[in-house]
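What the coordinates show
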Amino acid sequence: MVYRGRSGESEDLSQSSGRDIVLVHSSDIHVDDGYTARRHGGDGARGLASVLGTAAALAADAVLLAGDVFEHNRLPDPLLERAAGLLGGCGMAVVALPGNHDPLTADSVWRRCGMAEAETVSVLGLTHAEAVRLPGLELEIWGIAHLDYGDMAPLAAARPRTTRWQVAMAHGHYRGDEDANAAHRPSWLISDEEIAATGADYLALGHWNRPVRVGNGAVPAWYSGSPDLAQTVNRIRLAADGTVTVDRAEIVWA
């Protein structure tokens, strides 16, 4: 699918990098030493390794991990050390958003084993309060991290655009125009109005296991789905002419 991006509306395109930017979006990898590990012959980080390997094969400029990279915050250090090595050694910029399974609590996996020490790894809410600028790409990526296990608004406030390209990230449940005040409803809700208010060139969503586009069309907003169930990642091309293309690429399993 091709969209006309907002980046070219009022900005001199000659000031840009002059080339297409490729992003790979995934979420809900659920690195663990339990269920995910059993699915992959005892290797609970295989999904993460495969997503990063696929992104490298696609010549991605950056990888967006939209929450629940890890199953929970009680994982053993050897597994976290391997994950940190994969993230820091993949040769690409990685921007991660903590989700409801791996929130930024005091004992969060993101605070352990050097997870965020590599210069190429950015964890929203930890290494950067809310936004990351990628040098040379005229791209800002922003999102609101889960800080605990309670309810929160993943798109509480839109961020003004300060770069040619802007990508937003959110981990939560898309509800469209359903009543947010209903007595019985899911947590971490995302509405059409909130999606449109971002004004982003792409919204990378996490929390759903299936890949699907959502929203009213004002912003290209996509869930990537979990690698195990989707068997794909989302590939986003921010083209030099201002268009945004989104498709799905099959995962090459490591």
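Conventions used here
Residues numbered from 1 in each chain as written. Predicted model: local features only at pLDDT ≥ 70, side-chain atom pairs only at ≥ 80, totals over all residues. Heavy atoms only, no water. Helix = DSSP H or I, 4+ residues; strand = E, 2+ residues; numbered from the N terminus. Rg over C-alpha atoms; globule rule 2.2 N^0.38 Å. Buried < 20%, exposed > 50% of the residue type's maximum accessible area, 1.4 Å probe, protein only. pLDDT = per-residue confidence, 0-100. Contact = heavy atoms within 4.5 Å. Pairing = 2+ DSSP bridges. Axes fitted to C-alpha atoms, helices over the stretch in contact; angles between N-to-C directions. Polar contact = N/O pair within 3.5 Å; in protein donor to acceptor, adjacent residues only side chain to side chain. Expected span 1.5 Å × (residues − 1). Salt bridge = Lys/Arg side-chain N within 4 Å of Asp/Glu carboxyl O. Phe/Tyr/Trp six-rings, centres within 6.5 Å; stacked < 30°, edge-to-face > 60°.

The helix and strand inventory of the protein chain stands at five helices and 15 strands. In terms of overall dimensions, the protein chain is globule-like: its C-alpha atoms have a radius of gyration of 17 Å, near the 18 Å expected for 254 residues. For the protein chain, the spread of C-alpha atoms along the principal axes amounts to about 50 × 45 × 30 Å. Burial analysis of the protein chain (254 residues in total) assigns 55% to the buried set.

Attention shifts here to the confidence of the model for the protein chain. The pLDDT averaged across the protein chain works out to 93; a share of 91% of its residues lies at or above 70. Below pLDDT 50 for its whole length, residues 8-16 participates in nine contacts with residues either more than four positions away or in separate chains.

Bringing the sheet that holds strand β12 (residues 212-214) into the picture now. If you walk across this open sheet you meet the six strands as β6-β7-β8-β11-β13-β12, and the pairing is mixed. The open sheet terminates on both sides in strands that have one partner only, identified here as β6 (131-134) and β12. Taking each pair of neighbouring strands and ignoring which way they run, the sheet shows an average axis angle of 25 degrees. In terms of strand pairing, β6 meets strand β7 (residues 139-143) through four bridges, oriented antiparallel. Its bridge partner being in β7, Ala131 is matched across the sheet by Trp142.

We now examine unusual backbone geometry. Backbone geometry at Cys113 places phi at a positive 55 degrees, although glycine is not the residue there. Structurally, Cys113 is set in the loop between β4 (93-96) and β5 (121-123). According to the relative accessible area criterion, Cys113 is partly exposed, its value standing at 27%. A positive phi angle, near 125 degrees, is found at His207, a position not held by glycine. Within the element layout of this structure, His207 appears in the loop between β11 (202-206) and β12. You can call His207 partly exposed: its relative accessible area is 23%.

Here we come to the pairing of strand β14 (residues 232-238). Burial within β14 is extensive, with five of its seven residues counted as buried. In terms of strand pairing, strand β2 (residues 21-26) meets β14 through five bridges, oriented antiparallel. By the bridge assignment, Leu23 is partnered in β14 with Ile236. By the bridge criterion, seven bridges tie β14 to strand β15 (residues 243-250) in an arrangement that is antiparallel. Bridging across to β15, Val233 finds its partner in Ala249. Count of turn residues in the β14/β15 antiparallel hairpin: four residues, of which Gly242 carries a positive phi of about 95 degrees.

The next point concerns the side chain of Glu140. Mapping Glu140 onto the fold places it in strand β7. Judged by its relative accessible area of 3%, Glu140 falls in the buried class. In this structure the side chain of Glu140 is engaged in a polar contact, spanning 3.1 Å, whose partner is the side chain of Arg159.

Okay, helix α2 (residues 46-57) next. Spanning twelve residues, α2 covers 16 Å between terminal C-alpha atoms, matching the ideal 16 Å at 1.5 Å per step. The set of residues buried in α2 consists of Gly47, Leu48, Ala49, Ser50, Val51, Leu52, Thr54 and Ala55. Positive backbone phi, approximately 55 degrees, marks Ala59, located one or two places after α2.

One pass over the structure, following the stated rule, counts nine salt bridges. Among the salt bridges present, the one from Glu130 reaches Arg159, with a minimum N-O distance of 3.9 Å. With Glu130 in the loop between β5 and β6 and Arg159 in the loop between β7 and β8 (165-171), this residue pair connects regions lying 29 residues apart in the sequence. Since its relative accessible area comes to 29%, Glu130 is described here as partly exposed. Residue classification places Arg159 among the partly exposed residues on the basis of a relative accessible area of 28%. Arg159 is the partner of Glu140 in a salt bridge, and the nearest nitrogen-oxygen pair spans 3.1 Å.

Here we come to the packing of aromatic side chains. A full pass over the atoms with the stated rule returns three aromatic pairs. A centroid spacing of 5.1 Å and a plane angle of 80 degrees characterise the contact between Phe70 and Trp110, whose relative ring orientation is edge-to-face. One end of the pair, Phe70, is in the loop between β3 (62-65) and α3 (77-88); the other, Trp110, is in the loop between β4 and β5, with 40 residues separating them in the sequence. With respect to class, Phe70 is no different from Trp110; both count as buried. Ring geometry for Tyr174 against Trp208: centres 6.3 Å apart, planes inclined by 75 degrees, an arrangement best described as edge-to-face. Highlighted residues: Tyr174 in strand β9 (residues 173-176) and Trp208 in the loop between β11 and β12, separated in sequence by 34 residues.

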